[in-house]
Each structure stands twice: as C-alpha cells, then as structure tokens.
Amino acid sequence: MGWFLPVRVDLAPIVGLGYGKIGRYFILTAFRFMGNDSNTAASAAPSNFLRGIIDADSASGKYASKTDATGKPLPTVITRFPPEPNGYLHIGHAKSICLNFGLARDYGGRCHLRFDDTNPTKEDQEYVDTIIDSVQWLGFSWAHGSENHQYFASDYFDKLYEMAEWLISAGHAYVDSQSAEEMAANRGSFSEPGKNSRFRDRPAAESIDLLRRMKAGEFKDGEHVLRAKIDMASPNMNMRDPAIYRIRHAHHHRTGDKWCIYPMYDYAHPISDAIENITHSICTLEFQDHRPFYDWILERLAEGGFFNKPLPHQYEFARLNLTYAITSKRKLLQLVEEKIVDGWDDPRMPTIVGIRRRGYTPESLQLFAERIGVAKSASWIDMGVLEGALRDDLDEKVPRFVSVLNPLKLIIDNYPEGHTEECTAPVHPHHPERGQRHFAFSRELWIEADDFMEVPEKAYFRLFPGNKVRLRYGFVVECTGCDKDASGKVIAVHCNYYPDSKSGTEGSSNFKVKGNIHWVSAAHGVRAEVRLYDRLFKDPHPDAGGKDFKLALNPHAKSVITAYLEPGAEKVLPEDRVQFERHGYFVADRIDSTPGRPVFNRIVTLKDSWK
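Here's what I pulled together on the structure shown here. Worth saying up front: this structure is predicted, and the values here are computed from it rather than measured.

About the criteria used
Residue numbers here run from 1 along each chain, matching the order of that chain's written sequence. Owing to the predicted nature of the model, reporting of local features is limited to residues with pLDDT of at least 70; listing and counting of side-chain atom pairs is limited to 80 or more, with chain, interface and lining totals taken over all residues. The side-chain numbers reported here are obtained from all heavy atoms of the structure, hydrogens and water having been left aside. A run of H or I in DSSP becomes a helix once it reaches four residues, and a run of E becomes a strand once it reaches two; helices and strands are each numbered from the N terminus. Summary of the burial criterion: residues with accessible area below 20% of their type's maximum are buried, those above 50% are exposed, and those between are partly exposed, where the area comes from a 1.4 Å probe applied to protein chains only. Should any heavy atoms of two residues lie within 4.5 Å, those residues are considered in contact. Note on areas: Shrake-Rupley, 1.4 Å probe, and residue coverage restricted to the protein chains presented here. The definition of a nonpolar core used throughout is a set of buried Ala, Val, Leu, Ile, Met, Phe, Trp, Tyr and Cys residues joined through side-chain atoms within 4.5 Å. Any two strands with at least two DSSP-identified bridges between them are counted as paired. Working convention: axes come from line fits to C-alpha atoms, limited for helices to the stretch in contact. Angles between N-to-C directions cover 0 to 180 degrees. Roughly parallel here means an angle under 35 degrees, roughly antiparallel means over 145, roughly perpendicular means 65 to 115, and every remaining angle is called oblique. The nonpolar class holds Ala, Val, Leu, Ile, Met, Phe, Trp, Tyr, Cys and Pro. Asp, Glu, Lys and Arg form the charged class, and all remaining residues, Gly among them, are polar.

### Quick word on the overall build of the protein
Stage number 1. Counting its regular elements, the protein contains 14 helices and 29 strands.
Stage number 2. On the principal axes, the C-alpha backbone points of the protein span a range of 100 × 55 × 40 Å.
Stage number 3. Per-residue burial for the protein yields a buried fraction of 55% across its 611 residues.
Stage number 4. Taking the intrachain contacts of the protein between residues at least 6 apart in sequence as the baseline, contacts between residues at least 24 apart amount to 71%.
Stage number 5. Accessible surface, the protein as shown: approximately 26,500 Å² in total, 50% of it carbon and sulfur.

Here it is as structure tokens:
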C-alpha cells in the first residue's frame with residue numbers, strides 16, 4: 001500500500017519534530033522519558049509556586065536526612081495521589097495525577113498511589129480497578145526502582161487505632177456520646193463559638209474503654225464518636241473538636257467485617273502521609289481550611305514518638321474548573337443512572353474512561369495540564385484549551401484519510417463505464433517520509449451533500465450547474481445538473497470530467513478553479529458507522545448558581561451516521577486515531593470496533609467552531 005497506520009499514539013515521537021507551538025512540550029517530554037538527569041528535567045519544566053517550594057526545600061536540605069525503616073535514604077521529593085475509590089476519575093483528577101506524578105518524576109522522587117478507603121458504604125473494587133487503569137493509561141507509574149508504592153488507607157487501620165488510643169491517653173481526644181443533633185447545635189457557627197460537649201472531660205480510661213467497646217461492636221451507628229480535643233471556640237470550624245472515628249457497621253471491600261469503626265478522612269489522611277514519608281502533600285483549595293488540623297494531628301503524634309521530623313506539609317492549588325462540563329461525582333452518577341449517557345465511559349463524559357474512549361491521548365492531557373499551569377486561586381478554563389491541546393498533539397502524529405459523512409452520489413457521465421484508475425495522496429502532508437496512500441477513482445463517487453447547490457449562494461465555489469471544481473487528488477469536473485426524487489430532494493449530481501486535469505500531472509496546472517471537494521469511490525469506499533460527538537452541555541457553566549444542569553444538555557452532543565471512507569480505513573484498529581480530511585480527528589472505538597468493521601468516534605473538529 002505504501003503507507004502505514006502508526007497511531008496507537010501512547011508516546012509522541014521525538015525525532016523529526018520542529019520547534020513549533022508544540023515543540024517545547026515534546027522537547028520537555030524527551031528530557032523526562034529518555035532518562036536525563038532529574039535536575040535538568042525539572043529546570044526545563046514550566047515554573048509554578050509548587051516547584052518554587054520544592055526548589056527551596058531542596059536547597060535547604062529539608063528532607064535530605066530522611067530514611068526509611070531500614071535506614072535507607074529516602075528521595076527528597078515524595079508525593080502521592082490519594083483518590084477515594086467511590087467513583088470514576090474525571091478530568092480534574094487527570095490534572096492532579098499529572099501534577100503529583102509529574103513533580104515526583106521531574107525531581108527524581110517518587111509518587112505513591114494511595115486509596116483513601118475509609119468509607120466502606122461508598123467504595124468498591126470496581127473503582128479501585130478503574131483508577132489503577134486510568135493512572136497507568138495516563139502514562140504514570142507508582143513503581144520506584146524495584147519498589148511498588150501502591151497503598152490503601154485500610155493498610156493502616158491497626159496503626160490508626162493504636163494512635164487513637166494514645167491520643168486519648170495523652171489528653172488529646174475523647175469519646176463523645178452526644179446525639180448528632182446535639183453535636184451540630186453545639187458546634188456553633190462562623191459568627192458564634194461552639195460549646196464544649198458535656199463529655200469533653202470524660203476520664204481517659206473511660207474513653208478508652210468506650211472506644212474498645214465501639215471497636216468490639218457493642219454500639220449502634222451514631223451512639224458514640226471519637227473526637228480530637230482542640231478548641232471549640234476556634235474561628236476555624238475544622239478545629240472545633242473534629243470527629244476522628246465513627247461507628248459504621250458496614251462490610252469493607254478489603255478488610256471485610258473486621259472493623260465496625262472507621263477513621264475519618266481528616267484523621268487518616270495526614271497519618272497515612274506521615275507513615276509513607278510523604279514530603280509534599282498536594283491538595284486542592286477546599287482542603288486549605290483543613291491544613292491546621294493536618295499539622296495539629298501530626299505534631300501531637302510526633303510528640304508521642306510515632307513520627308520523626310521534618311513532617312509532611314500540605315500545599316493547596318486551585319482545582320480544575322472546565323467550561324461546558326461538570327465534575328460532581330453525584331451529578332455524573334445521575335447522568336449514568338438516569339441513562340442520559342451510555343455509561344461512565346460514554347465519550348461525552350468528562351471521566352477519564354470517557355475521555356479515553358472519545359479518543360483523547362495521554363500526551364494531550366499532559367500537555368493540557370502543563371498549559372493551564374498550577375495556581376493558588378480558582379479560575380475557569382475554557383474547553384477550547386483542552387481541545388486545542390488535543391489538536392496540537394494529534395496533528396503531527398496521525399495519518400490522513402478522506403471521508404464522506406453526508407453522502408450524495410456524483411456521476412461522471414463521460415467517464416468510461418467500469419473503468420478505474422489510481423489516485424495518490426500523502427499519508428501525512430508534512431511528513432513525506434511516511435509515504436503515500438493509494439485509492440481508486442471511478443465513474444460514480446460519493447461527495448458531501450453540502451458540496452452541491454442547485455442555486456448557489458453568494459461566494460459559493462463548490463458544485464452547481466455550470467461550475468467547475470477539482471475533485472481533491474483527482475480530476476477537474478464541471479457540473480451539468482442533478483436528479484431529484486418525487487419530493488424534490490436531490491439524489492444525484494451529474495458532471496463531466498477533463499481527462500488531462502488529473503492532480504500530479506502536467507496538465508493539471510492548466511485548470512484554475514476555486515472549489516476543491518472531497519470524494520470517495522462508490523464502488524470502493526468503506527461503509528462505516530461514525531459517531532459525531534460534541535460537548536455534552538450548551539451552557540459553559542451548566543450547574544452554576546444552583547441551576548438544573550440537565551436543562552443545559554446539548555441535544556446535538558451525539559449523532560450516529562453511516563459514512564463512506566477511503567479504502568484502507570477498515571484496517572484501523574481499536575484506539576487508533578486518524579484525521580478525516582476536512583472533518584476532524586477520529587478514533588476507532590475501543591469497545592465496538594472490530595477488525596475489518598471499525599466504528600469511529602469523532603474526537604474533535606479541525607478548528608474550534610463552537611462559538
């Protein structure tokens with residue numbers, strides 16, 4: 001055939017790329033993946049406040065003396081990505097994954113994958129599996145040398161409980177037996193201090209006894225709760241004696257029925273960080289007000305000899321707010337359960353599994369994360385930035401094909417019946433070394449229906465009676481008329497061709513035409529299902545201000561058509577990406593495509609025409 005299908009694009013080729021608008025990204029990628037010195041890679045990366053912090057810590061040697069339990073020196077940068085396995089990851093998580101794993105990679109450190117599985121009623125192995133798959137698909141690993149750094153908060157349940165008993169004995173925690181309503185009423189408000197529980201001064205021995213009985217299953221859910229003893233008058237509501245253990249009789253996906261009390265996230269999270277020797281604990285801005293408790297609990301436990309200083313430190317960055325999308329797990333679940341979409345991996349969904357099925361590449365998401373940067377203040381990122389990163393990533397990589405998505409028959413009356421001849425086109429217009437593709441020209445072709453108008457509009461240069469156009473990669477033709485059905489709908493267009501006008505021949509330069517249209521041979525074209533996906537919402541902020549996000553659904557977000565494709569398209573494998581000239585970038589669906597019968601999803605159009 002003279003061409004190839006190279007487009008299971010997991011890593012961008014480095015050789016041969018120029019210094020254009022994406023060249024800097026690929027040069028950086030080369031540093032990161034070709035094993036260069038970590039300092040070189042870090043210095044090549046774009047600056048942000050987190051890199052400034054890490055640079056300062058490295059210069060001061062803050063974590064240089066840290067060792068593991070065997071005395072082995074630890075990396076000076078250890079980050080973690082700590083999802084709760086209660087749903088599918090979305091585009092916001094992709095930013096956090098790229099940030100945490102990317103920082104560890106660039107500074108020669110390591111990043112842990114830790115599942116925050118402290119709420120058994122919402123968590124499931126299904127979510128663990130999809131999170132693992134998503135992180136790996138994005139191109140990251142929690143391995144460091146021969147070590148595997150995948151963890152679960154439930155790994156530490158015994159240790160967390162031991163620390164809870166110590167906190168009680170040291171006067172830093174107590175078992176509270178107030179009802180939930182009493183606790184809420186006594187918590188106060190932002191303008192009023194809270195009130196001490198009548199159980200706050202309960203003797204330590206009594207609290208430890210109650211905690212052990214809670215653990216043994218003697219009490220019902222909600223009868224007692226273990227609280228940290230801090231300050232009920234604190235202006236920070238998170239410091240008003242926060243709960244650190246609650247009773248929950250529920251089966252855990254990993255520990256089964258061993259436990260009926262479970263640690264709260266704000267308790268388990270900093271301790272898990274310290275156990276794993278995390279240096280830079282990076283969270284989104286909603287956890288900023290939780291940082292004082294993060295520091296408080298680790299300071300108390302360091303005083304008890306559980307941890308050595310320096311302790312982990314929490315830093316916050318702005319989460320991703322993307323227009324024309326929602327990232328609320330509850331609302332995404334609603335879309336799935338109400339069958340508004342076709343599951344978690346529906347290509348219209350902002351979930352990583354959906355984005356992957358849509359055809360996005362790991363490199364495009366890394367490029368997007370790099371472009372939007374890391375900030376301390378929240379802002380909105382336009383969907384066009386994400387789509388632009390995808391276009392820039394795919395443009396250099398993918399082969400081209402011709403497709404006709406809205407077919408109309410074109411009959412060349414003066415072309416010999418039964419005759420065909422070969423036309424050629426480059427696999428990639430900017431990379432001649434990738435070869436040529438070859439396809440047949442025949443008497444009957446498929447063209448796009450909007451490439452013909454019986455009565456043309458002003459400045460319309462495509463087919464209409466008496467006008468000439470070039471059939472791309474083929475001949476110049478002149479329109480002579482059309483056929484219509486009983487309702488007056490055009491069902492075929494007629495024309496004559498000029499035999500000496502074929503593209504690539506000497507005679508072709510004698511014909512000057514303004515129109516240039518695509519075509520596929522009716523006898524040789526590949527019939528295929530094509531799914532045209534677009535943004536799921538027509539409102540840039542579909543759920544802002546308490547709006548019903550379902551009212552903002554885009555009715556044109558998915559349409560399924562039958563198209564005709566250039567021969568060779570049937571060889572495209574699942575998850576291979578291509579450009580259909582004129583129409584955009586497409587991917588062979590990773591679920592529904594089969595060898596010889598591909599189903600294509602439109603990933604994105606060639607240009608941002610949304611507005």
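More follows now that the structure is in view.
### As for the nonpolar core
Stage number 1. In this structure, I91, I97, V135, L322 and F368 are the most contacted members of the largest nonpolar core, which totals 43 residues.
Stage number 2. Top element by residues in this core is helix α4 (residues 91-106). It accounts for six residues.
Stage number 3. Setting aside its immediate chain neighbours within four residues, F368 contacts I91, L320, L322, I381, V385, L386 and A389.

### Some points on the sheet that holds strand β5 (residues 150-152)
Stage number 1. Taking strand neighbours across the sheet as the criterion, the three strands line up as β1-β2-β5 in an open arrangement whose pairing is parallel. For this open sheet the edge positions go to β1 (78-81) and β5, each flanked by a neighbour on one side alone. On average, each strand axis in the sheet is tilted by 35 degrees relative to the strand beside it, whichever way the strands run.
Stage number 2. Note: strand β2 (residues 110-115) against β5, three bridges, orientation parallel. From the neighbouring strand, L113 faces β5, where its bridge partner is Q150.
Stage number 3. On top of the sheet, α4 reaches β1 and β2; it is set at about 160 degrees to β1, its chief contact.

### Re the pairing of strand β20 (residues 468-471)
Stage number 1. Sheet topology places β20 next to strand β21 (residues 476-484); three bridges connect them, and they run antiparallel. If you follow V469 over to β21, its bridge partner there is V477.
Stage number 2. Between the end of β20 and the start of β21, which pair antiparallel, lie four residues, with Y473 showing a positive phi angle near 70 degrees.
Stage number 3. As paired elements, β20 and strand β23 (residues 515-517) share three bridges and run parallel to each other. Residue L471 lies in a different strand from β23, and its bridge partner there is I517.

### A look at helix α11 (residues 329-337)
Stage number 1. Within α11, the full set of buried residues consists of K331, L332, Q334, L335 and V336.
Stage number 2. Two residues or fewer past α11, K339 is found with a positive phi of approximately 55 degrees.

### Some details on helix α9 (residues 265-275)
Stage number 1. Taken across its 11 residues, α9 has eight buried, putting it largely inside the fold.
Stage number 2. Taken residue by residue, α9 has Y267, A268, H269, P270, I271, S272, D273 and A274 as its buried positions.
Stage number 3. In the stretch just after α9, N277 is the one whose phi turns positive, near 60 degrees.

### Examining the side chain of H518
Stage number 1. Assignment of secondary structure puts H518 in the loop between β23 and β24 (520-521).
Stage number 2. On the accessibility criterion, H518 (8% relative accessible area) is buried.
Stage number 3. Apart from residues lying up to four places away in sequence, H518 is in contact with V402, W446, I447, D451, R472, E581 and R582.

### Some words on the packing of helix α6 (residues 157-169) against helix α10 (residues 291-303)
Helices that pack against each other are described as a pair by the angle of their axes relative to one another and the distance between those axes.
Stage number 1. Running from N to C, α6 and α10 cross one another at 80 degrees; their axes reach a closest spacing of 11 Å. With respect to each other, α6 and α10 are oriented roughly perpendicular. Along its contact with α6, which presents M163, W166 and L167, the element α10 presents I297, R300 and L301.
Stage number 2. Looking at the contact of α6 with α10 residue by residue, the classes come out as five nonpolar, no polar and one charged.

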